[in-house]
Structures are given as structure tokens and as C-alpha cells.
Amino acid sequence: MPDVHALLSASGAARWLSCTPSARLEEKFQNESSEYAREGTVAHSLAELTTHWVLGENSTEQFKILKGQLLDTKDGAKFYSEDMQEHATDYACFINDKLQEAKQRSSDAFAELEVRVDFSKWVPEGFGTADCIIVADDWLEVIDLKYGKGHRVEAAGNPQMRLYALGALEYYAQLYDIENIRMTIFQPRLSGTQSSDEITIDALLKWAEKTVKPKAKQAFNGKGKFAPSEETCKFCRAKEQCKARYEKNLKLFDEAEDPLLITPEDAGAVLEKAADIKAWLADLEDLVQSTLLSGKPVSGWKIVEGRSNRKFADEEKVAAAMKAAGHDESELYEMKLITLTAMEKAFGKKAVAKVLGNLIIKPAGKPTLALESDKRPAYQPKDAVLAAFDE
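Residues numbered from 1 in each chain as written. Predicted model: local features only at pLDDT ≥ 70, side-chain atom pairs only at ≥ 80, totals over all residues. Heavy atoms only, no water.

1. A word on the packing of helix α3 (residues 35-54) against helix α6 (residues 82-105)
Put simply, the rule is: To get an axis, fit a line to the C-alpha atoms, keeping to the stretch in contact for a helix; angles then go from 0 to 180 degrees between the N-to-C directions. Note on conventions: DSSP H or I runs of at least 4 residues are helices, E runs of at least 2 residues are strands, and numbering of each starts at the N terminus. We call two directions roughly parallel when the angle between them is under 35 degrees, roughly antiparallel when it is over 145, roughly perpendicular when it lies between 65 and 115, and oblique otherwise. Each crossing gets its hand from how the near helix is turned against the far one by less than a right angle, where anticlockwise is left-handed and clockwise is right-handed. Note on definitions: a residue-residue contact is assigned when non-hydrogen atoms from the two residues lie within 4.5 Å.
For the pair α3 and α6, the least separation of the axes is 8 Å and the interaxial angle reads 50 degrees. Between α3 and α6, the angle is such that the two are oblique. In terms of crossing hand, the pair formed by α3 and α6 is right-handed. For the pair α3 and α6, contact is made by E39, V42, A43, L46, A47, T50, T51 and V54 and by M84, Q85, A88, T89, Y91, A92, I95 and N96, respectively.

2. So, the packing of aromatic side chains
This is how the line gets drawn: Centres within 6.5 Å are what make two rings of Phe, Tyr or Trp a pair, Trp counting through its six-membered ring; a difference in plane orientation under 30 degrees is then read as stacked, over 60 as edge-to-face, and the rest as tilted.
One pass over the full model with this rule turns up 7 aromatic pairs. Note on W53 and F63: the rings are 4.8 Å apart at their centroids and 5 degrees apart in plane angle, and the pair reads as stacked. Here W53, found in helix α3, pairs with F63, found in helix α4 (residues 60-71); they are 10 residues apart in sequence, far enough to count as distant. Ring geometry for Y171 against Y172: centres 4.9 Å apart, planes inclined by 85 degrees, an arrangement best described as edge-to-face. Here a set of aromatic residues connected by ring pairs shows up, and it is made of F110, Y171, Y172 and Y176.

3. Quick notes on the state of the cysteines
Our working rule: Disulfide: a pair of cysteine sulfur atoms within 2.5 Å of each other. Partly exposed residues are those whose accessible area sits between 20% and 50% of the maximum for their type, while under 20% is buried and over 50% is exposed, using a 1.4 Å probe and protein chains only.
Per the stated rule, a full pass over the model turns up 0 disulfides. Here C93 is not disulfide-linked; the sulfur of C132 is the nearest cysteine sulfur, at 13 Å. C93 sits in the partly exposed class, given a relative accessible area of 35%.

4. Regarding the nonpolar core
As a rule of thumb, nonpolar side chains are buried together in soluble globular proteins. Quick note on the threshold: Nonpolar cores were defined as sets of buried Ala, Val, Leu, Ile, Met, Phe, Trp, Tyr and Cys residues, with membership established by side-chain atoms within 4.5 Å.
W16, V123, I133, L140, V142, L163 and I181 are the most contacted members of the largest nonpolar core, which has 37 residues in total. Per-element accounting of this core gives the leading share, 8 residues, to helix α7 (residues 159-172). Among residues more than four places away in sequence, those in contact with L140 are I133, I134, V135, A168, L169, Y172, I178, N180, I181 and R182. Residues F63, F94, I95 and L113 belong to the second largest nonpolar core, which totals 27 residues.

5. Things to note about helix α13 (residues 315-324)
Selection criterion: Each polar contact in these results corresponds to two N or O atoms within 3.5 Å; when the atoms are within protein, one needs to be able to donate a hydrogen and the other to accept it, and residues that are neighboring in sequence are counted only if both atoms are side-chain atoms.
The backbone nitrogen of E316 lies 3.1 Å from a side-chain oxygen of the residue at the head of α13, namely D314. One or two positions beyond α13, positive phi appears at G326, with a value near 100 degrees.

6. Comments concerning the environment of D144
Here D144 lies in strand β3 (residues 139-145). With 43 residues separating them in the primary sequence, D144 and Q187 have C-alpha atoms 8.7 Å apart. In this view, D144 contacts D131, Q160, M161, Y164, T184, I185 and F186; residues no more than four positions away in its chain are not counted.

7. Some words on the pattern of salt bridges
Using the following cut-off: Salt bridge, as used here, is a side-chain nitrogen of Lys or Arg placed within 4 Å of a carboxyl oxygen of Asp or Glu.
Taken as a whole and judged by the stated rule, the model has 19 salt bridges. Between K98 and E141 there is a salt bridge; the shortest N-O distance is 3.1 Å. With a gap of 43 residues between them, K98 in helix α6 and E141 in strand β3 connect regions that are remote in the sequence. Taking the relative accessible area as the measure of exposure, E141 reaches 6% and is therefore buried. Two residues, R152 and E154, come together in a salt bridge whose shortest N-O distance is 3.2 Å. Three or more residues are tied together by salt bridges with common partners; here these are K98, E101, E141, R182 and E198.

8. Here we look at the confidence of the model for the protein
Operational definition: pLDDT is a per-residue confidence score from the predictor, ranging from 0 to 100.
Mean pLDDT over the protein works out to 87, with 93% of the residues at or above the 70 mark. For the stretch residues 384-389, pLDDT sits under 50, and the model shows 1 contact to residues farther than four places along the chain or on other chains.

9. Considerations on the sheet that holds strand β5 (residues 193-200)
This is how it is decided: Here a strand pair is declared whenever DSSP counts at least two bridges between the two strands.
On the basis of which strands lie adjacent, the open sheet formed by 5 strands has the order β1-β2-β3-β4-β5 and mixed pairing. Across the chains shown, the open sheet's two edge strands, defined by having one partner strand only, are β1 (110-118) and β5. Each strand of the sheet is rotated relative to its neighbour by a mean of 30 degrees, with strand direction disregarded. Pairing between β1 and strand β2 (residues 127-136): 8 bridges, direction antiparallel. Across the sheet, residue F110 finds its bridge partner in β2, namely V135. Docked against the sheet, helix α8 (residues 201-220) engages β4 (180-187) and β5, running at close to 90 degrees with respect to β5.

The following block contains the structure:
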């Protein structure tokens with residue numbers, strides 16, 4: 001995986017296309033990789049190695065050597081697990097299935113991994129790395145591996161995928177008469193869920209010229225209007241100190257009416273407007289705390305020692321002392337089944353599913369408030385469902 005990142009990266013396109021000045025504002029902050037990003041980098045590297053092996057491009061011996069080299073790195077040793085290998089294998093098999101499907105359309109179909117794509121024709125200095133590109137005569141498919149499990153990423157209208165498609169088209173259209181483009185996202189940690197989107201060449205190029213090009217020019221020059229929102233600010237490095245976000249969220253309180261009573265509609269309107277408030281307050285807490293921990297004062301605040309629970313200094317010595325005092329060992333220990341997550345991590349998800357089968361269940365989730373735009377179906381209370389059958 002490359003260490004160099006473009007100012008207007010494909011992965012950050014949803015942000016800088018909406019909030020154009022944010023790209024230059026982020027330059028004021030150090031670009032530090034999170035634990036999740038580092039884990040994702042290891043997962044992508046492992047997925048690439050595994051895919052080369054599954055496609056028959058590397059021998060088993062080569063795969064073992066290269067995998068060993070990956071696991072010898074600091075992050076490889078820290079983040080690798082059998083579960084990660086299982087997900088990498090699922091991805092590799094998915095790519096292989098896609099390639100075989102493409103070969104039914106064209107015997108000359110091929111797949112390339114970790115392809116550097118250049119879309120600087122529309123985005124100044126714009127480039128990125130597509131996880132996999134499959135070409136079959138007039139068809140081109142861009143596939144992106146998402147290792148995160150926080151939320152499902154949709155391919156439909158996804159600007160990162162479209163920029164990758166533009167870069168891929170710019171390169172492969174010189175060699176092939178590309179007419180159709182498909183963009184697919186594969187998320188193995190979300191039960192292998194995937195989403196795909198298709199777009200015509202004309203529609204993609206129109207989007208690039210009418211939407212991307214002018215916005216990218218603004219973003220590159222630090223121009224345009226800030227557009228803070230829950231989604232836009234989520235991964236922005238400037239989110240803690242962004243003045244536009246600060247002013248937008250404070251304005252919500254200034255605009256609020258002060259009636260004696262409010263309706264549920266009033267409450268819903270406030271909650272919808274304030275979707276970013278919780279995340280913003282948490283970011284402000286992080287900013288103030290990190291400032292204080294660095295030794296700099298923040299008026300009205302200080303760092304104090306938090307609550308903690310008592311614990312044994314040395315469990316083995318505790319057990320020995322209690323047994324010496326006449327207590328039976330059976331009184332000192334309790335046996336408890338490890339969690340399903342821990343079991344899958346230790347033995348592999350597929351192995352556990354094979355052994356336990358229908359002993360693994362997923363109870364209905366607790367009713368939770370969500371915006372109308374949420375893709376999950378609306379919750380129906382059990383009584384309402386039963387009543388519907390009685391009608």
C-alpha cells in the first residue's frame with residue numbers, strides 16, 4: 001500500500017466535494033494513522049497476497065514467504081489473526097469468481113490488483129490506488145475492499161469509486177473499447193456483504209466535468225464554502241477546531257424557540273438538525289483534554305484522576321495465599337464460556353459456524369431511534385405484526 005496521499009484523495013472525495021475548503025484546512029494538522037487504518041493496511045496487504053495466490057499468480061511457497069514477511073512487520077504481528085486470513089481468503093475467492101464471470105463474457109478478461117489510477121484530468125494532482133480492476137472487452141469493473149465493520153459502505157453514487165473508475169477508464173480506454181463500468185464494494189467483516197453500481201461512460205464523464213472538476217478546483221485552492229455535517233466532519237482532521245462546525249452547531253441553540261411545551265415534531269426537528277452535536281462535543285472534549293495533558297492550560301478546566309476499581313496485584317499469589325489460609329481452589333475460580341467473538345477469533349468464523357450451526361442465533365435488536373434516511377427497515381412492534389395477521 002502506498003504511503004503517499006493526494007491532497008484531494010479519492011477516499012476523502014465525499015468530504016472535499018461537499019466542504020471544499022476542508023482539504024487545505026486539514027493541512028494544518030498532522031496526518032496520523034489510526035489503529036483502524038493501520039489494521040486496514042495490513043488486511044489489504046494480506047488480501048492482495050492471498051488473491052495473487054488464489055488466482056495462481058504465486059505459488060503456495062511464494063505466498064508463505066511473502067505472508068511471513070508481512071507478519072514480521074510491527075503492524076503485521078500486531079493485527080494479524082486467523083480471522084483476518086479468513087476474510088482475505090473470502091475476498092480472494094470473490095475476485096476469482098468475478099474474474100471467471102468476466103471470462104465467460106470474454107476469454108481475454110483479466111484482473112489487476114493494487115492499480116494506481118490517475119484522475120488528475122479532473123482533480124488537480126489526483127491519483128489513488130484501486131484494489132482490483134477487471135477488464136473484459138467493453139466491460140470494466142472496479143472492486144474496492146472495505147475492511148471496516150462500523151457501517152456498510154454503499155457503491156451507489158460513491159464518489160471514491162467513481163474517481164477510481166475515471167482513472168481506470170483514462171488508462172484502459174486507450175487499449176479497450178470500454179462501454180460499461182461497474183463499481184463494487186466488498187466488506188468481508190459484514191458477512192461478506194457487497195454492493196454494486198453501474199454507470200455509463202457518458203454519465204461518468206458528465207459527472208466528472210460538471211461536478212468534480214469545478215469543485216476540485218475550489219478545493220485545491222482552498223476556496224468555496226464550508227459545509228459541516230455529521231458525515232462530512234467524521235474523518236476530517238480539522239473537525240475538533242473547525243470554526244465553521246463550531247458556529248454551525250452553536251447556531252442551533254440560538255435559533256431554538258423557547259415554548260412552554262413542544263410537540264414530538266418539534267423535538268424531531270431539533271434532533272435531526274443536531275445529528276452532529278454528540279460527535280462534536282466528544283471531539284471538543286478530546287481537544288481540551290489533549291491540550292491539558294500536554295501541559296497547556298484551558299480556562300475553567302483541569303485534569304483529575306478518574307474512578308478506578310480495586311484489583312489483585314498478582315492473581316497467582318492471591319490464589320496461593322487463599323489456599324494457604326485453608327480455602328479450597330474450587331471456591332476461588334469460576335468457569336465461564338468465552339464470547340462468540342472470542343471463539344471465532346480463536347478458531348475461525350467458518351469453523352465455529354460449522355460446529356455450532358443453529359446454536360448461534362441473533363436476537364432482535366432493541367428499538368433504536370434513527371433518521372428517516374436510515375436504510376434499515378422501520379421497526380414494527382410484535383403486537384402490531386400479530387394484529388396485522390388478524391385483520
